[in-house]
Amino acid sequence: MNAEEVLQPIDLYLSNLLLLSLGLCLYLAVVSFAVVCIPDYLNSGDADFMRRVRRISWITASLPLFSLFAFAAGTLFDVYTFLFKLGDWVLLK
């Protein structure tokens, strides 16, 4: 195996890990949105019940929302690290 066949770290990140991180962030955003929108599809005349359902849906959506923010921050940190902190050897092929 010669040096031209070995993938560099930036190649691996841009072809695998960045797309995986963005896809996971999109999935978590969709799941969070779906959970938060559930009370809109309930037809109840009781305002107190609807208030409790909305509160429960936001509490339930908090886990994927916090995960979304964590993965988004991690993705931005990885991009920053690869592009600005690892030096010129990352960008050279």
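Higher on the page you've got the structure.
Residues numbered from 1 in each chain as written. Predicted model: local features only at pLDDT ≥ 70, side-chain atom pairs only at ≥ 80, totals over all residues. Heavy atoms only, no water.

1. Quick word on the pattern of salt bridges
Part 1 of the reasoning: Going through the model one piece at a time under the given rule, you end up with two salt bridges.
Part 2 of the reasoning: Here R52 ties to D48 by a salt bridge, and the two come within 3.9 Å at their closest N and O atoms. Placement of both R52 and D48 in helix α2 (residues 47-85) is noted, with a separation of four residues, approximately one turn of the helix.
Part 3 of the reasoning: Judged by relative accessible area, R52 falls into the partly exposed class, the value being 40%.
Part 4 of the reasoning: The exposure class of D48 is partly exposed, given its relative accessible area of 33%.
Part 5 of the reasoning: Here the salt bridges do not stand alone but share partners, grouping D48, R51 and R52 into one network. (Salt bridge = Lys/Arg side-chain N within 4 Å of Asp/Glu carboxyl O. Helix = DSSP H or I, 4+ residues; strand = E, 2+ residues; numbered from the N terminus. Buried < 20%, exposed > 50% of the residue type's maximum accessible area, 1.4 Å probe, protein only.)

2. Section: the environment of T75
Part 1 of the reasoning: Secondary-structure assignment places T75 in helix α2.
Part 2 of the reasoning: On the basis of relative accessible area, T75 is assigned to the buried category, the value being 7%.
Part 3 of the reasoning: Ignoring any residue separated from it by four or fewer positions in sequence, one finds T75 in contact with Y13, L18, S21 and L22.
Part 4 of the reasoning: There is a polar contact of 2.7 Å between the side chain of T75 and the backbone oxygen of F71. (Contact = heavy atoms within 4.5 Å. Polar contact = N/O pair within 3.5 Å; in protein donor to acceptor, adjacent residues only side chain to side chain.)

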